[in-house]
Amino acid sequence: MGRKNKSNSDASSWAESAASEVLKRNKKNYVCQGMWTPSGFFHIGNSRPEIFTPYSVKRALEDKGVKVSQNFIIDDFDAVKKIPPPLGIKKSDEKNFLGVPCALAPSPIKGFNSWADAFVSDVVSVIEKFGVDLNIVSAFQTYKSGKFNSLISESLDKSEKIVEVWNRVAGADKKSSFLPVQVFCDSCGKIYFTDALSWDGKEVEYSCSACGHNGKKSPFDGNGKLHWRVHWVAHWLLHKVDFESGGKDHFSKGSSVDVGHAMIREVFGTPPPYQLPTEFIQIGGRKMAGSVGNVTTLSDWVEVAPPEAFRFLNFNYRPNKVIDFDLSGNSFVLLMGRFERAERIFYGLESAQTDKLSEKIKLDFEFSAISKLPKKMPVKLSYSFAIQLAQLVDFVNDFESLEKILIESKYISKKLSGYEKELFLETLGFAKTWVEKYAPPEFKLGFLEEFDKKLLLGVDSEIISLFTELSKKIEPLDSPDLIQTAVFETAKSAGVSPGNLFKALYLILVGKERGPKIGTLVFALGKEKCIERIKEAGI
């Protein structure tokens, strides 16, 4: 079971490789960090670079026996710049939000204290279920506490050097007089529209393009914030960050990462954190956008799948690989199948194409576990089969009947242990929710209450003529396995394709061309009901 050799570099996950690079910094305590602006709905696309890529490296560092913590910076001092359409805010009311820091803008959703609170609540409420221990830090409160005061002062004092580095690395044309700070306007109370004009060592003079006000004030203790490119570097310095990821758009030549690395080295005399670009998680080929609303949240995920499956995706896919799936399509079910196969490989019940790949998958699966893994793989219900069963059987109130069907169809060999029953019920619960909320029509399954002869228009009369005989054969049989065999042998004896007979039975019972094994389906739907339908179709 598990990995044979943890030091096998050929089998190392990308996270172990990144951890090895971070260890070159030779520190006693390491910090992995992510940062997210709560401008809209937090989704799994955000969580990949800002939580799970840093977490993956943290987990690999822990595996190497070093102390490491993980920060999640809520960049709530950033101003609201765009209103997500799903919020339904009137155009005339947008002025109450735009230009105001997320931490201070009113909540667009009832029941929350601020704009930031409304959008942060989802990740805060669910992240523990994913086994991730985060130090959640408010950027606004950090500024307000004065922890950034010295960095603000240093940045303003070194503003010309900052501009020189910025222009050289990014090909920008910032004026040498540019000051990298924005302060609150004393007139309109907004921060996004102010420009710092001068700095005397204590206060900045500013002008506000929103209301036209000019004023002078201290930029310290939450009165102002650094320009985001300097603000990002300031967080690296304040929190002594060793590893950070980010969306791939930040890593293009001359972009914010290049500028930040040059600034922290040349202006502040400190090496930058080790960073990896992370690709997006897409929905049907489209990037998720919290400001638009086409998102899948972490809360959505734990309704339909175990958190370990999402952790596995983040370990198994290198950060520079796109993950593309749609909860409302087959791609999600295929992802679940990939996770289930990894578990079988981990326990030695299956192998990947090469030994090297098998060892990598074992490592990825081991890292994805939240609790201690059992020594032997417990009996599991596949997600794809659970989707079918969840629609056919009342598993909540009559699990014993389901268990009997599974034993008689030889899906399981004996009654389940208490732990295994919990696992089956959990998977069935996930699958049932997925069917109810997301499943496309081709996954819907249920007994066809009204039979229509038109369903058999494309079926050979030779197949239909077997229905009456088949119904008589099935009647005395008391197990799904025997029914499955009876259908197969009836077709063979008549010299017709068993596949065509099975297809015809699916059509008359559930109105589809495929489904679970016919024996299992008949017992799940009710044998008497199915026999009557087969007789009816054969008339």
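Residues numbered from 1 in each chain as written. Predicted model: local features only at pLDDT ≥ 70, side-chain atom pairs only at ≥ 80, totals over all residues. Heavy atoms only, no water.

1. A few points about the overall build of the protein chain
Here is step 1: When its secondary structure is counted, the protein chain shows 21 helices and 13 strands.
Here is step 2: Across the 539 residues of the protein chain, 54% fall into the buried class.
Here is step 3: Of the contacts made within the protein chain by residues no fewer than 6 positions apart, 71% connect residues no fewer than 24 positions apart.
Here is step 4: As displayed, the protein chain has an accessible area near 24,500 Å², and 49% of this comes from carbon and sulfur atoms.
Here is step 5: Looking at charge distribution, the protein chain has the averaged site of its 72 positive side-chain charges lying 3 Å from that of its 68 negative ones. (Helix = DSSP H or I, 4+ residues; strand = E, 2+ residues; numbered from the N terminus. Buried < 20%, exposed > 50% of the residue type's maximum accessible area, 1.4 Å probe, protein only. Contact = heavy atoms within 4.5 Å. Areas by Shrake-Rupley, 256 points an atom, 1.4 Å probe, with all protein chains shown as cover. Lys, Arg positive; Asp, Glu negative; His and termini not counted. Charge placed at Lys NZ, Arg CZ, Asp CG, Glu CD.)

2. Comments concerning the pairing of strand β5 (residues 194-199)
Here is step 1: Across five bridges, the pairing between β5 and strand β6 (residues 204-208) is antiparallel. Of the residues in β6, the one forming a bridge with S198 is E205.
Here is step 2: The turn joining β5 and β6, which pair antiparallel and follow one another in sequence, is formed by four residues; a positive phi near 95° is taken by G201. (Pairing = 2+ DSSP bridges.)

3. Describing the pairing of strand β3 (residues 135-138)
Here is step 1: When strand β2 (residues 67-74) meets β3, the two strands line up parallel, connected through four bridges. In the sheet register, F72 faces β3, and the bridge partner there is I136.
Here is step 2: Following the backbone out of β2, through helix α3 (residues 115-126) and into the adjacent parallel β3, one traces a crossover that is right-handed. (Right-handed = clockwise from strand over helix to strand, strands pointing away.)

4. Things to note about the pattern of salt bridges
Here is step 1: Here the structure, examined in full by the defined rule, presents 27 salt bridges.
Here is step 2: With its nearest N and O atoms 3.3 Å apart, the salt bridge here joins K161 to E164. Within this pair, K161 and its partner E164 are both found in helix α6 (residues 159-170), separated by three residues, close to a single helical turn.
Here is step 3: Residue class for K161 comes out partly exposed when judged on its relative accessible area of 34%.
Here is step 4: The partner of E513 in a salt bridge is K503, with the nearest N and O atoms 3.7 Å apart. Separated by ten residues along the polypeptide, E513 in the loop between α19 (498-510) and α20 (518-525) and K503 in helix α19 bring together distant segments of the chain.
Here is step 5: Look at the salt bridges and you will find they share partners, linking K161, E164, R168 and E266 into a network. (Salt bridge = Lys/Arg side-chain N within 4 Å of Asp/Glu carboxyl O.)

5. Quick look at the sheet that holds β5
Here is step 1: Pairing is antiparallel in the open sheet, where three strands are placed in the order β5-β6-β7. Each end of this open sheet is capped by a strand with a single partner; those strands are β5 and β7 (214-217). In this sheet, adjacent strand axes meet at a mean angle of 30° when their direction is disregarded. (Axes fitted to C-alpha atoms, helices over the stretch in contact; angles between N-to-C directions.)

6. Describing the sheet that holds strand β9 (residues 243-247)
Here is step 1: Spatially, β3-β2-β1-β9-β10 is the arrangement adopted by the five strands of the open sheet, whose pairing is parallel. Each having just a single partner strand, β3 and β10 (274-278) make up the two edges of the open sheet. Taken pair by pair, the neighbouring strands of this sheet meet at an average axis angle of 25°, ignoring direction.
Here is step 2: With five bridges connecting them, β9 and β10 associate as parallel partners. The residue of β10 that forms the bridge with G246 is P277.
Here is step 3: In the packing of helix α7 (residues 228-239) onto the sheet, contacts are made with β1 (29-36), β2, β3, β9 and β10, and the angle to β1 comes to roughly 155°.

7. Side note on the packing of α6 against helix α8 (residues 256-266)
Here is step 1: It is the contact of α6 with α8, at a shortest axis distance of 9 Å, that shows an interaxial angle of 145°. Crossing handedness for the pair α6 and α8: right-handed. When α6 is examined against α8, the residues K161, I162, V165, W166, R168, V169 and A170 are found in contact with a partner set consisting of D258, V259, A262, M263 and E266.
Here is step 2: Among the residues making up the contact of α6 with α8, the classes are represented as eight nonpolar, no polar and four charged. (Left-handed = near helix turned anticlockwise from the far one by under 90°. Nonpolar A, V, L, I, M, F, W, Y, C, P; charged D, E, K, R; others polar.)

8. Considering the side chain of E50
Here is step 1: One can find E50 in helix α2 (residues 44-63).
Here is step 2: Look at E50 and you get buried, because its relative accessible area is 13%.
Here is step 3: Within the structure, the side chain of E50 is placed 3.0 Å from the backbone nitrogen of M35, a separation counted as a polar contact.
Here is step 4: Setting aside anything within four residues of it in sequence, one finds E50 in contact with G34, M35, W36, Q70, F72, S245 and G246. (Polar contact = N/O pair within 3.5 Å; in protein donor to acceptor, adjacent residues only side chain to side chain.)

9. Quick notes on the confidence of the model for the protein chain
Here is step 1: When pLDDT is averaged across the protein chain, the result is 92; 97% of the residues are at 70 or more.
Here is step 2: The low-confidence segment residues 1-11 (pLDDT under 50) makes 24 contacts with residues lying over four places distant or belonging to another chain. (pLDDT = per-residue confidence, 0-100.)

10. Quick notes on the nonpolar core
Here is step 1: W115, F130, L298, W301, F332, W434 and F467 are the most contacted members of the largest nonpolar core, which totals 131 residues.
Here is step 2: The biggest single contributor to this core is α19, with nine residues.
Here is step 3: Judged by nonpolar contacts, the second largest core, of 44 residues, contains V165, Y206, A234 and V257. (Core = buried A, V, L, I, M, F, W, Y, C linked by side-chain atoms within 4.5 Å.)

11. A word on unusual backbone geometry
Here is step 1: Positive phi is not limited to glycine here, since N26 has a value of about 55°.
Here is step 2: With respect to the helices and strands, N26 occurs in the loop between α1 (14-23) and β1.
Here is step 3: Residue K410 is not a glycine yet carries a positive backbone phi of 65°.
Here is step 4: Residue class for K410 comes out exposed when judged on its relative accessible area of 62%.

12. Description of helix α21 (residues 527-538)
Here is step 1: Helix length check: α21, at twelve residues, gives a terminal C-alpha distance of 17 Å against a target of 16 Å (1.5 Å per residue), a fit within 8%.
Here is step 2: All buried positions along α21 are accounted for by C530, I531, R533, I534 and A537. Mapping the buried residues of α21 onto a view down its axis gives an arc of 160°, with all of them on the same face.
Here is step 3: Next to the buried residues of α21 lie α16 (461-464), α17 (467-474), α19 and α20. (Expected span 1.5 Å × (residues − 1). Arc of directions from axis to C-beta.)

13. Description of the side chain of T427
Here is step 1: Its location among the elements puts T427 in helix α15 (residues 418-437).
Here is step 2: With residues up to four places along the chain from it excluded, the contact list for T427 reads L381, S382, Y383 and A386.

14. Quick look at the packing of helix α18 (residues 480-494) against α20
Here is step 1: Orientation of α18 relative to α20, taken along the N-to-C sense of each, is 125°, at an axis distance of 7 Å. Classified by the interaxial angle, the pair formed by α18 and α20 is oblique. In the crossing of α18 with α20, the sense of the turn from one axis to the other is right-handed. In contact with P480, I483, Q484 and V487 of α18, α20 contributes I518, G519, T520, V522 and F523.
Here is step 2: The residue makeup of the contact of α18 with α20, split by class, is six nonpolar, three polar and no charged. (Parallel < 35°, antiparallel > 145°, perpendicular 65-115°, else oblique.)

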